[in-house]
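# Summary of the model geometry
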Amino acid sequence: MNPKISRYASFAFGISVMAMTACGQFVMAAETTVTTITVPSRGHTMSAKIDATGVIHLIVDTPDGPQYLRTRDNGKTFCKPIPLLDQSTRKPGLEFITWDMAVTSEGAVHVVLGNNAWKLKLPKDEWGFFYTRLLPDATAFSLLKNINHKPSEGFSLAVSDAGTVTAVWMADKLYANVSHDGGNTFSSTMEIDPMLNPCNCCTTSSVYGADGRLAIFYREETDNNRDMYLALCDQEQNRVTKTRVSTTPWKIDTCPMTYYSVVRNGNGYLTAWPTKGEIFYAKLDANGSPTDPKEIKTSGSSGMRSGVLPIATADGQTLVAWKKDNQLGWQLYDNRGRPMGIPASVASAGTGVAGVASKDGELILFK
């Protein structure tokens, strides 16, 4: 760690909740704290993940390219930034942006990047899914790898407890490339299932569930009904199911270009997404079905292709964060989906949302 690189600016927001005892008396419950931290890097925060030891891993897109930061003390200090790209990758005018990051329990960092090769009219096999990783004992990221050699978008990454790495992406349909050796090699491209009909200019979000199935959160476009679905993929049995998550209808004849997220939550999942510019969230069981109270409307609103992130706490609360017009907003909800306190926001450039629940229960958002 570099002690000279410290928490540049942070603000803690405490929310106290009244709880009723068995005797009918109200007492003050434990305070939930949401802390915002400005990262020591010139750029936009894109993704944050925490490993089993409590180390927080962060990716920031900067004018010099994507950079990696690590903090072992919840953002008080950070390691020296590590670039994701080596000099051989750099070409005049070629810019790479972060789409997603996945981290193993041991701290291996897997990152997917996209670029503006289409804008530079470079060969079309350079318009796709690019992958790099940082192993726990490594001091530099691996050489950037072109996974699919195909014009595509909606990139996401998921890493299973067994170390399987799956790259998920869209090109009119949903596709995947799978690595069974921790990202050393990937399989050839495979369509996940013909019944999945994604909204092609939105995105995907993916994570492995506790039962080992791959969960993919995506927006459908069938008949211009832009509903949110969770696809569950049993990769060993080659079986896929899909479940509608959103209930508020949104029928439009063009892609709304929205981003959204799914994260693992115990044996189930936690999702957040925009519909008609308003942000909703839902808890799902192990089979992807929403649990009561199902779809919950938040106070947040989203911009085009701006981040939305749900964060689960150990005691069942949910923090939903969003980005719009260079403002990072958030709202905390109790385990029954009721808002706790009032919404809050701070200035934060870019469209990415990055945050975690620390091992000691602190809710941290990076800006």
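One structure accompanies this document, and this report is about it. (Residues numbered from 1 in each chain as written. Predicted model: local features only at pLDDT ≥ 70, side-chain atom pairs only at ≥ 80, totals over all residues. Heavy atoms only, no water.)

## What to know about the overall build of the protein
- From N to C terminus, the protein includes zero helices and 32 strands.
- In terms of overall size, the protein behaves like a compact globule, its C-alpha atoms giving a radius of gyration of 20 Å where 367 residues would be expected to give roughly 21 Å.
- When its C-alpha atoms are laid out on the principal axes, the protein stretches across 70 × 55 × 40 Å.
- The 367 residues of the protein split such that 53% are buried.
- Relative to all contacts within the protein whose residues are 6 or more apart in sequence, the contacts with residues 24 or more apart total 49%.
- When the accessible surface of the protein is totalled, it reaches about 16,400 Å², and 51% of it is carbon and sulfur.
- Charge-centre separation for the protein: the mean point of 36 positive side chains lies 4 Å from the mean point of 35 negative side chains. (Helix = DSSP H or I, 4+ residues; strand = E, 2+ residues; numbered from the N terminus. Rg over C-alpha atoms; globule rule 2.2 N^0.38 Å. Buried < 20%, exposed > 50% of the residue type's maximum accessible area, 1.4 Å probe, protein only. Contact = heavy atoms within 4.5 Å. Areas by Shrake-Rupley, 256 points an atom, 1.4 Å probe, with all protein chains shown as cover. Lys, Arg positive; Asp, Glu negative; His and termini not counted. Charge placed at Lys NZ, Arg CZ, Asp CG, Glu CD.)

## Considering the pairing of strand E7 (residues 56-62)
- Burial of E7 is extensive: seven of the seven residues sit out of reach of the surface.
- What sits between the antiparallel neighbours strand E6 (residues 44-50) and E7 is a turn of five residues, in which Gly54 has the positive phi angle 95°.
- Judged from the seven bridges that link them, E7 and strand E8 (residues 65-71) form a sheet pairing that is antiparallel. By the bridge assignment, Ile56 is partnered in E8 with Thr71.
- Here E7 hands over to E8 after two residues, the two strands then running antiparallel side by side. (Pairing = 2+ DSSP bridges.)

## Structural notes on the side chain of Ser205
- Locating Ser205 in the fold gives a position in strand E19 (residues 204-208).
- A distance of 3.0 Å separates the side chain of Ser205 from the backbone nitrogen of Val262, its partner in a polar contact. (Polar contact = N/O pair within 3.5 Å; in protein donor to acceptor, adjacent residues only side chain to side chain.)

## Quick word on the sheet that holds strand E14 (residues 145-146)
- An order of E11-E12-E13-E14 is seen for the four strands of this open sheet, with the pairing classed as antiparallel. In this open sheet, the two edge strands, each paired with only one partner strand, are strand E11 (96-103) and E14.
- Pairing of E11 with strand E12 (residues 109-115), which is carried by seven bridges, proceeds in the antiparallel orientation. Of the residues in E12, the one forming a bridge with Val103 is Val109.

## Quick look at the side chain of Lys283
- Considering the arrangement of structural elements, one finds Lys283 in strand E25 (residues 278-284).
- It turns out Lys283 is buried and unbridged, and the closest side chain with the opposite charge, Asp334, is 7.5 Å from it.
- In terms of polar contacts, Lys283 uses its side chain to reach the backbone carbonyl oxygen of Gly316, at 2.8 Å.
- Dropping the residues within four chain positions of it, Lys283 is found in contact with Asn265, Tyr269, Leu270, Ser289, Pro290, Thr291, Gly316, Thr318 and Asn335. (Salt bridge = Lys/Arg side-chain N within 4 Å of Asp/Glu carboxyl O.)

## Quick word on the pattern of salt bridges
- According to the stated counting rule, one finds ten salt bridges in the structure shown.
- The shortest N-O distance in the salt bridge between Lys242 and Glu220 comes to 3.1 Å. Remark: Glu220 occurs in the loop between strand E20 (214-219) and strand E21 (228-234) and Lys242 occurs in strand E22 (residues 239-244); sequence separation between them is 22 residues.
- By relative accessible area, Glu220 is classed as buried at 3%.
- Asp334 is paired through a salt bridge with Arg338; the nearest N and O atoms lie 2.7 Å apart.

## Focus: the pairing of strand E28 (residues 318-324)
- Counting buried residues along E28, six of its seven residues qualify, which places the element largely inside the surrounding structure.
- The sheet contact formed by strand E27 (residues 308-312) and E28 spans five bridges and is antiparallel. Its bridge partner being in E28, Ala312 is matched across the sheet by Thr318.
- Where E27 folds back onto E28 in an antiparallel hairpin, the turn is made up of five residues, including Gly316, whose phi is positive at roughly 95°.
- With seven bridges joining them, E28 and strand E29 (residues 327-333) adopt antiparallel strand pairing. When the bridges of E29 are listed, Lys324 appears paired with Gln327.
- As consecutive antiparallel partners, E28 and E29 are separated by two residues, and within that stretch Asp325 has a phi angle of approximately 50°, a positive value.

## Looking at the sheet that holds E20
- Taken in spatial order, the four strands line up as E19-E20-E21-E22 in an open sheet, and their pairing is antiparallel. Looking at the sheet topology across the chains shown, the edges are occupied by E19 and E22. Taken pair by pair, the neighbouring strands of this sheet meet at an average axis angle of 20°, ignoring direction.
- Sheet topology places E21 next to E22; six bridges connect them, and they run antiparallel. The partner of Cys233 across the bridge, within E22, is Val240. (Axes fitted to C-alpha atoms, helices over the stretch in contact; angles between N-to-C directions.)

## So, the packing of aromatic side chains
- Applying the stated criterion across every chain yields a total of 13 aromatic pairs.
- Summarising the aromatic geometry, the rings of Tyr68 and Phe141 are spaced 5.7 Å apart at their centres and angled 75° between planes, so their arrangement reads as edge-to-face. With a gap of 73 residues between them, Tyr68 in strand E8 and Phe141 in the loop between strand E13 (130-134) and E14 connect regions that are remote in the sequence. Taken as a pair, Tyr68 and Phe141 share a single burial class, namely buried. (Phe/Tyr/Trp six-rings, centres within 6.5 Å; stacked < 30°, edge-to-face > 60°.)

## Considering the environment of Ala108
- You can see Ala108 is positioned in the loop between E11 and E12.
- By relative accessible area, which is 8% here, Ala108 ends up buried.
- For the pair Ala108 and Gly54, spaced 54 residues apart in sequence, the C-alpha to C-alpha distance is 13 Å.
- Dropping the residues within four chain positions of it, Ala108 is found in contact with Ala102, Val103, Leu134, Leu135 and Pro136.

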